[in-house]
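# Overview (structure and organization)
Spelled out from the first residue to the last, the chains are:
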Amino acid sequence: MSSAVAVEKLSKRYGKKAALSEVSLGVEPGEMVALIGASGSGKSTLIRHIAGLERGTGGKSRIEVLGRTMQENGKLSANAREIRREVGVIFQQFNLVGRLPVLTNVLVGCLGHIPAWRGTFGLFTRSEQERAMGALARVGIAETVRQRSSTLSGGQQQRAAIARALVQGAKVILADEPIASLDPASSKRVMEALAEVNQVDGITVVVSLHQVEYARLFCPRTIALKAGEVAFDGPSEALSDDFLREIYGEASEELILTSAVRRPAPRPVPVAARQELAAVAS
Ligand SMILES: Nc1ncnc2c1ncn2[C@@H]1O[C@H](COP(=O)(O)OP(=O)(O)OP(=O)(O)O)[C@@H](O)[C@H]1O
Ligand SMILES: [Mg+2]
């Protein structure tokens, strides 16, 4: 089976500034991978390239998404638009059209699959509307469906964006700092929604994060960028505080060593309940 995302020797220059230098990585279908790195290390740039929103600079490079070429040697593939339909992109902010109801924003996920004139006039079928409602329920904000999107909290907006990716039928979600402006409780809910669609729907998730704690909690694998190069690619639990201090420099204490979020320790199942479960299972 082909990779969900494959990047080969991607470089990007902005004027004289090298934002990415020969970055190579592969993400397998069904993985949930964190992308970390100090401010300016190239996380957003990398995500925009994978999403086909920007083209690499010079050299021999290639980006494949779901086994199809998104861009090669700095040229976007003719199929890029089509491939993008299977990719949900979630940014830190401004994912929704504020004046439209939540339901409409989520239904926009269908636009890749239905004729444009129907989207234009907002004539979505009943089954499309039901799918959108179902997706909102999945991410825990069913009650917001008729609200104007601008009235949602930041965390609810991000979950609506995840619901839209579900309705879109995305196989890959690229999320660029989706929790950067959220408080810990909302951050946790957004990360849980991403982890859920990853585990239940098998959607591949690549999520850039500022706080390493969330990478450790939710993503089995982390890729760390430092000055546009891959500085680490491996199990998140192998990220040592010393290594993180090295890649984050002065900002490290604030970003790495927070333990504001902890997954609750699994509670032991009482013996009686365990016997009951065993009886049901047999
Ligand atoms: N459109 C652009 N024009 C010029 N320089 C850019 C552009 N986009 C990014 N850069 C530069 O490329 C480098 C990487 O930026 P990028 O936004 O990818 O970093 P980042 O890791 O996402 O940082 P942050 O954590 O602050 O979001 C930075 O030096 C940035 O200034
Ligand atoms: Mg960024």
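Coordinates for the structure precede this section.
The structure reproduced in this document is the subject of the present report.

Cut-offs used in this document
- Residues numbered from 1 in each chain as written.
- Chains lettered and ligands numbered in written order.
- Predicted model: local features only at pLDDT ≥ 70, side-chain atom pairs only at ≥ 80, totals over all residues.
- Heavy atoms only, no water.
- Core = buried A, V, L, I, M, F, W, Y, C linked by side-chain atoms within 4.5 Å.
- Buried < 20%, exposed > 50% of the residue type's maximum accessible area, 1.4 Å probe, protein only.
- Helix = DSSP H or I, 4+ residues; strand = E, 2+ residues; numbered from the N terminus.
- Contact = heavy atoms within 4.5 Å.
- Near = heavy atom within 4 Å.
- Polar contact = N/O pair within 3.5 Å; in protein donor to acceptor, adjacent residues only side chain to side chain.
- Areas by Shrake-Rupley, 256 points an atom, 1.4 Å probe, with all protein chains shown as cover.
- Nonpolar A, V, L, I, M, F, W, Y, C, P; charged D, E, K, R; others polar.
- Pairing = 2+ DSSP bridges.

Once that is clear, we can look at the nonpolar core. Of all hydrophobic cores here, the largest spans 53 residues; its most connected members are Ile-36, Ile-173, Met-191 and Leu-194. If one sorts the elements of this core by residue count, helix H6 (residues 154-168) sits on top with seven residues. For Met-191, the contacting residues outside a window of four places in its chain are Met-32, Ile-179, Val-207, Leu-209, Tyr-214, Phe-218 and Cys-219. Grouped together as the second largest cluster of nonpolar side chains are 25 residues, Ala-4, Val-7, Leu-10 and Ala-51 included.

What follows deals with the site of ligand 1. Close to ligand 1 lie 14 residues, the nearest being Ser-39, Gly-40, Lys-43, Ser-44 and Thr-45. Within the side chain of Ser-39, one N or O atom sits 2.6 Å away from an oxygen atom of ligand 1. Glu-177 places a side-chain nitrogen or oxygen 3.2 Å from an oxygen atom of ligand 1. Considered on its own, ligand 1 offers 630 Å² of accessible surface; in the complex 62% of this is hidden by protein. For the shell around ligand 1, the secondary structure elements donating two or more residues are strand E2 (17-27) and helix H1 (43-50). It is H1 that provides the largest number of residues to the shell around ligand 1, a total of four residues. Class assignment of the residues belonging to the shell around ligand 1 gives a composition of three nonpolar, seven polar and four charged.

Consecutive side chains of a regular strand alternate in pointing toward one face of the sheet and then the other. Counted residue by residue, strand E10 (residues 221-226) has five buried out of six residues, so it is predominantly covered. Bridging between E10 and strand E11 (residues 229-235) involves six bridges; their strand directions are antiparallel. Bridge pairing in E11 places Leu-225 opposite Val-230. Turn length for the E10-E11 hairpin, with the two strands adjacent in sequence and antiparallel, is two residues, and the turn residue Ala-227 shows positive phi of about 45°.

Take it as geometry only, folks, not as evidence of what the structure does.
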